[in-house]
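# Examination of the molecular architecture
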Amino acid sequence: MQSNLYYNTFSNYLKQHWGRKIRKLSLHGDFTCPNRDGSIGKGGCTFCNVSSFVDTTAKRQTISEQIVTRRHELTRKTDGYLAYFQAYTSTYAEVSRLKALYDDALKQPGIIGLAVGTRPDCVPDEVLKLLADYQHQGQEIWLELGLQTAHDQTLKRINRGHTFADYCKTITRAQHYGIKVCTHLIVGLPGELREESLATLANVLDCGVDGLKIHPLHVVDGSIMAKAWHANRLKTLSLDEYVDTATTMIQMTPSDVIFHRISAHARPPTLIAPQWCSQKWTAPHAILQRLKETGHQGALTGRPYTLNSSSHTNNFLGSAKLNAGRAV
Ligand code: SF4
């Protein structure tokens, strides 16, 4: 099944725009995080263990060396790459250091642009201006903002250290500089029902966004949530619960918004729960099948979101209630 027939995929967008297959190379700029070093908070977000999704040993290599390594690791080769500064908060440094790192990436053969992952409260104007300069030079530039939820109560509970208003202000400034933004959202956060995920999406769309990454809450070893899960104070979504909500979110989203990702995976022993997240394609294939059956991206655009009464929705309510009101 071709994904881009049912939703606007990032790979298809890049292929249309650049005339060839473009792959992302994940890089480590040896940044830290203001939510870990005490500038904003300590301990980090409760779901986070950076080493669960990036190779933390990569920081011993220069950016150009990492690009060579990552290219060799790819099983399917191409001649176009997006340099993805993924680890920690990849705008958390003096702009001169950021420029040196980004420049190093952009001058490597085949690199067509940057994707820079960061927090909404860590993107000063000089960073936006730097990214806008690259864009004016013809580079593909994406700012990836971790929001996770639009609900301040949940943001506080998962120790994000910023509010939804902080996110909206950054979106407005990024729009002023013409920078494309991809927003990361997590479905199934503690205390959140399906309705909260749909409300988060509605609020994010209201602010204006160019791309989305959605994924289920998955508990990884070494995170604060892992302790809560082992203490039986946290429950994760079933595959069907996630597919139900993710499908509706895609259907609520206008067709011009690009989905960079619709699920996430990790491998045991890093992955603790849910086990279905250990299979990379299980959730995307199930979502695709559901989109095929019930309507593609944009099918619910403009309609108010509603809770339905299907069995998986009821399970979801049960999961969320289990997590409600507890510190995770
Ligand atoms: S998710 Fe991002 S902001 Fe939160 S602790 Fe991890 S690196 Fe820091």
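Reading the values: the criteria
Residues numbered from 1 in each chain as written. Predicted model: local features only at pLDDT ≥ 70, side-chain atom pairs only at ≥ 80, totals over all residues. Heavy atoms only, no water. Helix = DSSP H or I, 4+ residues; strand = E, 2+ residues; numbered from the N terminus. Rg over C-alpha atoms; globule rule 2.2 N^0.38 Å. Buried < 20%, exposed > 50% of the residue type's maximum accessible area, 1.4 Å probe, protein only. Contact = heavy atoms within 4.5 Å. Areas by Shrake-Rupley, 256 points an atom, 1.4 Å probe, with all protein chains shown as cover. Core = buried A, V, L, I, M, F, W, Y, C linked by side-chain atoms within 4.5 Å. Salt bridge = Lys/Arg side-chain N within 4 Å of Asp/Glu carboxyl O. Pairing = 2+ DSSP bridges. Phe/Tyr/Trp six-rings, centres within 6.5 Å; stacked < 30°, edge-to-face > 60°. Expected span 1.5 Å × (residues − 1). Near = heavy atom within 4 Å. Nonpolar A, V, L, I, M, F, W, Y, C, P; charged D, E, K, R; others polar. Axes fitted to C-alpha atoms, helices over the stretch in contact; angles between N-to-C directions.

### What to know about the overall build of the protein chain
- Helix and strand counts for the protein chain stand at eleven helices and nine strands.
- In terms of overall size, the protein chain behaves like a compact globule, its C-alpha atoms giving a radius of gyration of 19 Å where 328 residues would be expected to give roughly 20 Å.
- For the protein chain, the spread of C-alpha atoms along the three principal axes comes to 55 × 45 × 40 Å.
- In the protein chain, buried positions account for 53% of the 328 residues.
- Within the protein chain, counting contacts between residues at least 6 apart in sequence, those at least 24 apart form 82% of the total.
- Roughly 14300 Å² of accessible area belongs to the protein chain as shown, and the carbon and sulfur atoms make up 50% of that amount.

### Side note on the nonpolar core
- Ranked by size, the top nonpolar core spans 63 residues in total, and within it Phe85, Tyr102, Leu114 and Leu131 carry the most contacts.
- Apart from residues lying up to four places away in sequence, leucine 131 is in contact with Tyr102, Leu114, Val116, Ile141, Leu143 and Ile179.
- Cys45, Val50, Val219 and Met225 belong to the second-largest nonpolar core, a separate cluster that totals 16 residues.

### What to know about the pattern of salt bridges
- In the structure shown here, the tally under the stated rule is twelve salt bridges.
- Glutamate 140 is paired through a salt bridge with lysine 180; the nearest N and O atoms lie 3.5 Å apart. Here glutamate 140, found in strand 4 (residues 140-148), pairs with lysine 180, found in strand 5 (residues 180-187); they are 40 residues apart in sequence, far enough to count as distant. Lysine 180 shares its class with glutamate 140; the two are buried.
- Among the charged side chains, a network of salt bridges with common partners joins Arg194, Asp240, Asp244 and Arg290.

### Considering the side chain of arginine 70
- Looking at where arginine 70 falls in the secondary structure, it is placed in helix 2 (residues 63-73).
- Taking the relative accessible area as the measure of exposure, arginine 70 reaches 12% and is therefore buried.
- Once residues within four sequence positions are removed from consideration, arginine 70 is found in contact with Leu25, Ser26, Leu27, Asp55 and Ala58.

### Things to note about the pairing of strand 2 (residues 81-85)
- The buried fraction of strand 2 amounts to five of the five residues, a majority that puts the element mostly inside the structure.
- Covered by surrounding structure in strand 2 are Tyr81, Ala83 and Phe85 together with Leu82 and Tyr84, the residues of both alternating faces.
- In this structure, strand 1 (residues 23-27) lies alongside strand 2, joined through five bridges in parallel fashion. Bridging across to strand 2, serine 26 finds its partner in tyrosine 84.
- Inspection of the sheet shows strand 2 paired to strand 3 (residues 111-118) by five bridges, in the parallel sense.

### Observations regarding the packing of aromatic side chains
- Evaluation of the coordinates by the stated rule reveals eight aromatic pairs.
- Seen from their ring centres, tyrosine 7 and phenylalanine 259 are 6.1 Å apart, and the 85 degrees between their planes marks the pair as edge-to-face. Taken as a pair, tyrosine 7 in the segment before helix 1 (10-18) and phenylalanine 259 in strand 8 (residues 258-261) lie far apart in primary sequence, 252 residues in all. Here the two residues tyrosine 7 and phenylalanine 259 agree in accessibility, since each one is buried.

### Let's talk about helix 7 (residues 194-207)
- Under the 1.5 Å per step criterion, the end-to-end length of helix 7 is 20 Å for 14 residues, consistent within 8% with the ideal 20 Å.
- For helix 7, the set of buried residues is Arg194, Ser197, Leu198, Ala199, Thr200, Leu201 and Val204.
- Of the residues flanking the end of helix 7, it is glycine 208, one or two places downstream, whose phi is positive at about 100 degrees.

### Brief notes about unusual backbone geometry
- With an omega dihedral of 5 degrees, the bond running from proline 268 to proline 269 counts as a cis peptide bond.
- Summarising the element assignment, proline 269 is placed in the loop between strand 8 and strand 9 (271-273).
- A cis geometry characterises the amide bond from alanine 273 onward to proline 274, with omega recorded as -10 degrees.
- Within the secondary structure layout, proline 274 lies in the loop between strand 9 and helix 10 (282-294).

### Quick notes on the site of the ligand
- As a matter of local geometry, the ligand sits amid Cys33, Arg36, Gly44, Cys45, Phe47, Cys48, Val50, Tyr88, Arg119 and Arg160.
- Split into classes, the residues belonging to the shell around the ligand amount to six nonpolar, one polar and three charged.

### So, the sheet that holds strand 3
- In space, the seven strands of this open sheet follow the order 1-2-3-4-5-6-8, with parallel pairing throughout. Strands at the two margins of the open sheet, each flanked by one partner only, are strand 1 and strand 8. When strand polarity is set aside, the average angle formed by the axes of neighbouring strands in this sheet is 25 degrees.
- Docked against the sheet, helix 2 engages strand 1, strand 2 and strand 3, running at close to 130 degrees with respect to strand 1.
- Across the sheet, helix 6 (residues 164-176) touches strand 4 and strand 5, and the angle it forms with strand 4 is around 170 degrees.

### Here's the deal with the environment of aspartate 55
- Here aspartate 55 shows up in the loop between strand 1 and helix 2.
- Between the alpha carbons of aspartate 55 and serine 26 there is a distance of 8.8 Å; along the sequence they are 29 residues apart.
- In this structure aspartate 55 touches His28 and Arg70, once residues within four positions along its chain are discounted.

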